[in-house]
Amino acid sequence: MNGAELAVISSKFQGICQQMANTLMRTGRSGVLNTAHDFSCCILTYDNNFIAADESLPVHVLSGPDLMCNTIDKFHPNKKRGDAFLINSPYHGCSHAADHTIVIPVIDNNNVHRFSVCVKAHQADIGNSKPTTYMADVEDLFEEGALIFPGTKIQENYKDIEDIIRMCEIRFRVPKQWKGDYLAMIAAGRIGEKELLLIGDEIGWNRLNVFINKWFDYSEKKMRDAIKKIPSGNITVFTKHDPFPGLPKGGLKINVNLLVDNKKGNISIDLRKNPDNLACGLNLTEATSKSGAMTGIFNSIDHTVPPNAGSFRCVSILLREGCIVGIPKHPYSCSLGTSNICDRLENAVVQAFAKLGEGFGMAECGPLLPPATGVISGYDERKKESFVNEIFLYHTGAGASPEADGWLTLTGMGSAGLCLLDSVELDELRFPLKVYRQQIQKNSEGAGRRRGSPGAFVEFGPFNSNIKVAYASDGSIYPANGVRGGGKASKAKQYKLDKNGVKTRLPLVYEVELFKDERIVSITQPGGGYGHPFERELDRVKKDFDEGWISKNRAFNVYGVKFFKNGEIDFESTKIKREYLKKESINYEK
């Protein structure tokens, strides 16, 4: 099989994933799917090797689909065409309980299992004890309350198993919304199944098997070549999560050991020297421990390397059972398994790559789940019905890379910018909600030669109905770090404004109820900087100043750029200030 054939067939697999994703986006009932795009679609071999995904969240697919399919093989060894399985168990390969996943075996006319398609979608509600899918302050799974499916058959002969459907409808707060999302997931999976059967007939199953082997071998070679361009080294770094309920009072220290062997083209990440599972909802799953590490790796290497089972051959992720960054023991809760500590893990990995040498890795990104991306719930007096949904108002969060400033719409490293921001107008139509302000938070970025994204200021409140907002805002104490001389981001903040405008600071983890004329303000976490701020090009500093993202004082004191009153650069004063900042930096590093 030549290179052209390899490219064409790999594009076909990606195209099928795009069709699945398009179906989910256009037919999903909840805003989490049809607006925010918090879902992923991928294809695996019959023996559960990851082949392809497209427009999918790294935290969803770099590990997890393989583990879930292994579980289904164990519980359901004899599969038939028309079967579909529902899995969301954090102890059986899923990312966390909120990510309902449909797995469909693709079985040909001779009853041979050829592929599996996987459709993973974050749900608006999963029957937790509170109306949120993120339960940070719970002791275990039982207090969390999620309905868990450890690889449960939900369709047979293309028909729903109604007992399972009824279990979900009676448990979830807005059953019609869940049912609509479930049907969208099934439709996406069935489209993937149909298209794979068609290309099997068109190309031939034997030819497709040849493609898979060649594709994995090609991807492995690309990965090894990319690793050979990275300096060898053995680096241990740590980062800290804010002291949420259930975590140590000084915050949770996350340790990552990175070993790069550029001669063999191998990367190893050891996560075993982290604390045991803790009585809170922040424990990672096996899937997110692996995918979090892999996300950090793929953010630090040549972006043309295809992420699949072939390139994964070059990577070893070392975990231990019963570890908060590892393989969880039942019934420890993993409610926030895709965010918070997973964010910190991803950040520690890219920080480790940055320590290997100039031009590698990136600065830390701001963590997720401030009130601006919290879960809102209540009873809508306009429509006379209950509502629950995660909103995606303005959140930036991107750390700087060696070549680029932080994105303004990343939202989180694990989502790679693929979770879309909500339309304010649509949110206000769907929910009894009013958004008063969304804007860049001035002087908040992690400064650097390449700066992190600035933070966001978001202010919203109820409209004609009370609303609850549940959130888990990390970065309020330990903000995103810069690397290689780059500065830290400013801290996240959240507070409530009463009807008289009196400000009340809110806890890091909380479910706040807002009444008429009350508002919540969410200042989201920016990203860290890469490289010394005094090395930043003058025209870039001027643009940030002209846009109103940094003040004159910050431009001068941090970046060493002096502006005249008319807004033009004072080159002589700038040169003197930058020489001083450089000297101070050298003395500090000594």
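For the structure itself, consult the block above.
What counts, and where the lines are drawn
- Residues numbered from 1 in each chain as written.
- Predicted model: local features only at pLDDT ≥ 70, side-chain atom pairs only at ≥ 80, totals over all residues.
- Heavy atoms only, no water.
- Helix = DSSP H or I, 4+ residues; strand = E, 2+ residues; numbered from the N terminus.
- Rg over C-alpha atoms; globule rule 2.2 N^0.38 Å.
- Contact = heavy atoms within 4.5 Å.
- Areas by Shrake-Rupley, 256 points an atom, 1.4 Å probe, with all protein chains shown as cover.
- 1 Å grid on protein atoms, 1.4 Å probe; cavity = no way out; pocket = protein on both sides within 12 Å on 5 of 7 lines; lining within 4 Å.
- Points joined across faces, edges and corners; volume = space filled by probe spheres on them.
- Nonpolar A, V, L, I, M, F, W, Y, C, P; charged D, E, K, R; others polar.
- Salt bridge = Lys/Arg side-chain N within 4 Å of Asp/Glu carboxyl O.
- Buried < 20%, exposed > 50% of the residue type's maximum accessible area, 1.4 Å probe, protein only.
- Pairing = 2+ DSSP bridges.
- Axes fitted to C-alpha atoms, helices over the stretch in contact; angles between N-to-C directions.
- Expected span 1.5 Å × (residues − 1).
- Polar contact = N/O pair within 3.5 Å; in protein donor to acceptor, adjacent residues only side chain to side chain.

Draft legend 1. Spotlight on the overall build of the protein. Within the protein, the regular secondary structure consists of 14 helices and 20 strands. For 590 residues, the compact-globule formula gives about 25 Å, and the C-alpha radius of gyration of the protein, at 24 Å, lands near that figure. Seen through its C-alpha atoms, the protein measures out along the principal axes to roughly 80 × 65 × 45 Å. Of the contacts formed within the protein by residues at least 6 apart in sequence, a portion of 71% connects residues at least 24 apart. Accessible surface for the protein amounts to roughly 23,000 Å². Of this, 50% is attributable to carbon and sulfur atoms.

Draft legend 2. A look at the layout of surface pockets. Counted as a void, the largest pocket has a volume near 1,200 Å³. For the largest pocket, the lining is made up of 49 residues, of which Pro 58, Phe 298, Asn 299, His 303 and Ala 416 are closest to its centre. Secondary-structure elements contributing two or more residues to the lining of the largest pocket are helix H1 (3-27), strand S2 (50-53), helix H3 (58-61), helix H8 (205-227) and helix H9 (286-298). By residue class, the composition of the lining of the largest pocket is 30 nonpolar, 14 polar and 5 charged. The space that makes up the second largest pocket amounts to roughly 360 Å³. Considering the residues around the second largest pocket, the lining is formed by 16 residues, among which Val 174, Gln 177, Glu 385, Ser 386 and Phe 387 are closest to the centre. Among the secondary structure elements, those contributing two or more residues to the lining of the second largest pocket are helix H7 (175-203) and strand S13 (385-390).

Draft legend 3. Region of the structure containing the pattern of salt bridges. Applying the stated criterion across every chain yields a total of 36 salt bridges. In this structure, the salt-bridge partner of Arg 207 is Glu 5, at a minimum N-O distance of 3.0 Å. With Arg 207 in helix H8 and Glu 5 in helix H1, this pair connects stretches of sequence that are 202 residues apart. A residue is classified by how much of its surface remains accessible, and Glu 5, at 30% relative accessible area, is partly exposed. For Arg 540, the salt bridge is made with Glu 537, and the minimal N-O distance between the two is 3.6 Å. Since its relative accessible area comes to 31%, Glu 537 is described here as partly exposed. What you see here is one network of salt bridges that share partners, running through Asp 405, Arg 450, Arg 451, Arg 536, Glu 537, Arg 540 and Asp 544.

Draft legend 4. Representation of the environment of Pro 370. By secondary structure assignment, the location of Pro 370 is in the loop between helix H10 (340-356) and strand S12 (375-380). With a relative accessible area of 3%, Pro 370 lands in the buried category. For the pair Pro 370 and Gln 494, spaced 124 residues apart in sequence, the C-alpha to C-alpha distance is 7.7 Å. In this view, Pro 370 contacts His 395, Tyr 471, Ser 473, Ser 522 and Thr 524; residues no more than four positions away in its chain are not counted.

Draft legend 5. View of the sheet that holds strand S17 (residues 493-497). Read from one edge of the open sheet, 5 strands run S14-S15-S20-S17-S18, paired in antiparallel fashion. In this open sheet, the two edge strands, each paired with only one partner strand, are strand S14 (433-440) and strand S18 (503-505). Looking at each pair of strands side by side, their axes are set apart by 20° on average, direction ignored. Inspection of the sheet shows S17 paired to strand S20 (residues 519-523) by 5 bridges, in the antiparallel sense. What sits directly across from Lys 493, in S20, is Ile 523.

Draft legend 6. Structural context of empty space enclosed by the protein. Considering all chains together, one arrives at 5 cavities of 30 Å³ or more under this definition. Roughly 190 Å³ of internal volume is contained in the largest cavity. Asp 38, Tyr 134, Thr 338, Leu 368 and Cys 419 are, among the 19 residues lining the largest cavity, the residues nearest its centre.

Draft legend 7. Just H10, in detail. Between the first and last C-alpha of H10 there are 25 Å, a value that for 17 residues agrees with the 24 Å anticipated at 1.5 Å per step. Of all 17 residues in H10, 16 are buried; the element is thus mostly enclosed.

Draft legend 8. Examining the side chain of Ser 63 more closely. Relative to the helices and strands, Ser 63 resides in the loop between H3 and helix H4 (65-75). On the accessibility criterion, Ser 63 (4% relative accessible area) is buried. Beyond its immediate chain neighbours, meaning those up to four positions away, Ser 63 contacts Ala 287, Lys 290 and Ser 291.

Draft legend 9. The side chain of Thr 23, seen in detail. Tracing the backbone through its elements, the reader meets Thr 23 in helix H1. Residues contacting Thr 23, with those up to four places away along its chain left out, are Gly 28, Ala 184, Ala 187, Ala 188 and Ile 191.

Draft legend 10. Representation of H1 in the model. The end-to-end C-alpha separation of H1 is 36 Å, in line with the 36 Å expected for 25 residues at 1.5 Å each. In this fold, the buried residues of H1 make contact with helix H2 (31-34), strand S1 (39-45), S2, strand S5 (113-122), H7 and H8. Between the side-chain oxygen of the N-cap and the backbone nitrogen of Ala 4 there are 3.2 Å, and the N-cap of H1 in question is Asn 2.

Draft legend 11. Structural context of unusual backbone geometry. Along the chain, His 330 connects to Pro 331 via a cis peptide bond; the corresponding omega equals 10°. Within the secondary structure layout, Pro 331 lies in the loop between strand S11 (315-318) and H10. Phi at His 37 is positive, roughly 65°, even though this residue is not glycine. Note on placement: His 37 falls in the loop between H2 and S1. Of note, the phi angle at Thr 411 is positive, near 70°, even though the residue is not glycine.

Draft legend 12. Summary view of the sheet that holds strand S10 (residues 266-270). Strand order in the open sheet made by the 4 strands is S8-S9-S10-S11, with mixed pairing throughout. Looking at strand neighbours, the two that pair on one side only are strand S8 (233-241) and S11, the edges of this open sheet. Taken pair by pair, the neighbouring strands of this sheet meet at an average axis angle of 15°, ignoring direction. Of the pairings in the sheet, the one linking S8 to strand S9 (residues 252-261) comprises 9 bridges and is antiparallel in character. When the sheet's bridge partners are listed, Asn 234 is paired in S9 with Leu 259. Against the sheet, H9 engages S10 and S11, with an angle of about 135° to S11. Docked against the sheet, H10 engages S8, S9 and S10, running at close to 145° with respect to S8.

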